[in-house]
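# Observations on the model geometry
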Amino acid sequence: MTTPDMASAGNGRITERREALIRTARTIAAAAVAALVLLLDLISFSQLIFSGPLAESRVAGMSAMLAAYVLGSLVFVALRRTVVVALSFIGAAAIVQAAIAAAVAAELRDSGVTDPATVGRIVLVACGVSTFATGLVFAMLGTLRASLLAQLLPYPVLTGFLGGVGLLFLRSGLQIGAHLNDPAAAMLGLLDPAALDASRIDPGVLGRIALTFVIGFCAFYLPRRIKRWGTYPTVILASLVVVHLGLAWQGIDTEAAQAAGWLIEALPTGSLLQAPAVLALQTLDPALLLPILPRIATEIVVAVIIQILYVISVELEMRRELNIDRMFVASGTANLVGSLFGSPAMGFGRTSTLLLHNIGGSHWLGWWLTLAVMAALLVFGASPLALLPRPLAGGALIAIGLGLLVNLALACRTLPVWETGIALAVCG
């Protein structure tokens, strides 16, 4: 005979199991969304750094980024286990590292080194050197409890500098999204009255330019307007679906879409595991580093500033102190590991961390699942990522650029005239 107490206990267990299932489902959803954001960063930044003459080394660059992310995350969590925090690639630093990679590749071409594989290896080593320097500075700032000293930089200089980085993001996003070698010349050509002749305009280029800007604007504006965790992932998924539906409606298959510049180029099947770039360190002529030292210093400054801004903003949103100095030590150590592979600088991931907390309830399962996705791509291959539309990858960069430029515009509204002039001069 079932008593009321037994029935109540049974109902309680059912309720507990239901709540446990709901929590698990939310954690899995959080991991899926965070992984989606990280993969978009992976594609966007690898396209950014390994572009033009370095395009043949893009797979090696993706391998370096995946290996650095997986091992760096394990090191990071070993040093910072008190709260669920996801690493991410620092976008503003990645655009500086793209300039470093291009400068090294140009120096190699001028010296007669033209083999793509050799150039790619040396560029990865140079990128590793810049990431090592960044990691070393991170670790020193955190160890000396001096990370917040970067906030002493003059505000007009800081905002103007980041605004200039935003302009570079706009250019690079258009270059990647529209598949253009020279976006500035292409845009000026569209403004030329003679170019309005329909016979001289490629509808595909116009379509990719427009779609890249639309995706970038939506990815920037909608999450600010609709403050829900699913807004940004919805923009990503909707863009993915729209492009593929459009291609299917026009009868364009995957290979043709890749050839036309609508999709990321095909990636090789099989494992992406490769030897660390540091093993090729002896091939790097130290003289190649001299011209890029100012860029390395710029990357360090950008990475430090962005790291501080991200940690502080997440502290405010989560209403929890994260100990910024310990974050710098953990991020710095992760970058020292990433430098062995030639990865761009990594740091505290604002978006992915908030997703794991807001959706997944700060459970470690979400963090491990996210890491498992990145590890699976490294071990088993990343060929499915070739289905990613170029306008989506470019739009993600444009969204970052718009954010930096809007911050500059808002700052100029409150700064005195002379400080506004300084900010605009630095931006230019």
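All of the points below concern the structure found in this document. (Residues numbered from 1 in each chain as written. Predicted model: local features only at pLDDT ≥ 70, side-chain atom pairs only at ≥ 80, totals over all residues. Heavy atoms only, no water.)

Right, let's get into the overall build of the protein chain. A count of helical and extended segments in the protein chain gives 15 helices and two strands. Across the 428 residues that make up the protein chain, the buried fraction comes to 49%. When contacts within the protein chain are restricted to residue pairs at least 6 apart in sequence, long-range pairs at least 24 apart make up 84% of them. When the accessible area of the protein chain is evaluated, it comes to approximately 19900 Å², of which 66% is carbon and sulfur surface. (Helix = DSSP H or I, 4+ residues; strand = E, 2+ residues; numbered from the N terminus. Buried < 20%, exposed > 50% of the residue type's maximum accessible area, 1.4 Å probe, protein only. Contact = heavy atoms within 4.5 Å. Areas by Shrake-Rupley, 256 points an atom, 1.4 Å probe, with all protein chains shown as cover.)

Let us now look at the nonpolar core. Formed by 112 residues in total, the largest nonpolar core has its most connected members in Y69, V123 and L385. Apart from the residues within four sequence positions on either side, V123 is in contact with F50, L54, A101, V104 and A105. (Core = buried A, V, L, I, M, F, W, Y, C linked by side-chain atoms within 4.5 Å.)

Within the secondary structure, S130 sits in helix 4 (residues 116-143). A relative accessible area of 0% means that S130 is categorised as buried. Side-chain polar atoms of S130 contact the side chain of E299, separated by 3.4 Å. Sequence-distant contacts of S130, that is, excluding residues within four places in its chain, are made with Q97, I100, I296 and E299. (Polar contact = N/O pair within 3.5 Å; in protein donor to acceptor, adjacent residues only side chain to side chain.)

Position of F50 among the secondary structure elements: in the loop between helix 1 (4-49) and helix 2 (58-79). By relative accessible area, F50 is classed as buried at 3%. For the pair F50 and M62, spaced 12 residues apart in sequence, the C-alpha separation works out to 9.3 Å. Other than its neighbours up to four places away in sequence, F50 contacts A55, S57, R58, G61, V123 and L124.

Take helix 10 (residues 293-318) next. An ideal rise of 1.5 Å per residue puts 38 Å on 26 residues; helix 10 measures up with 37 Å between its terminal C-alpha atoms. The first or second residue beyond helix 10 is R319, which carries a positive phi of 55°. (Expected span 1.5 Å × (residues − 1).)

Let us now look at the environment of W364. Relative to the helices and strands, W364 resides in helix 13 (residues 364-380). Residues W364 and V85, spaced 279 residues apart in sequence, show a C-alpha to C-alpha distance of 9.3 Å. Apart from residues no more than four positions distant in its own chain, W364 is found in contact with V77, R80, R81, V83 and V84.

Next up on the list: helix 2. For helix 2, built from 22 residues, the straight-helix expectation of 32 Å at 1.5 Å per residue is met to within 8% by its first-to-last C-alpha distance of 31 Å. Helix 2 sits mainly inside the fold: 16 of its 22 residues count as buried.

Right, let's get into the pattern of salt bridges. Considering all chains together, one arrives at two salt bridges under this definition. A salt bridge links R58 to E265, with the nearest nitrogen and oxygen atoms 2.3 Å apart. Placement of R58 in helix 2 and of E265 in the loop between helix 9 (254-260) and helix 10 is noted, with a sequence separation of 207 residues between them. R58 sits in the buried class, given a relative accessible area of 7%. A relative accessible area of 24% means that E265 is categorised as partly exposed. Members of the salt-bridge network, linked through shared partners, are R58, E265 and R390. (Salt bridge = Lys/Arg side-chain N within 4 Å of Asp/Glu carboxyl O.)

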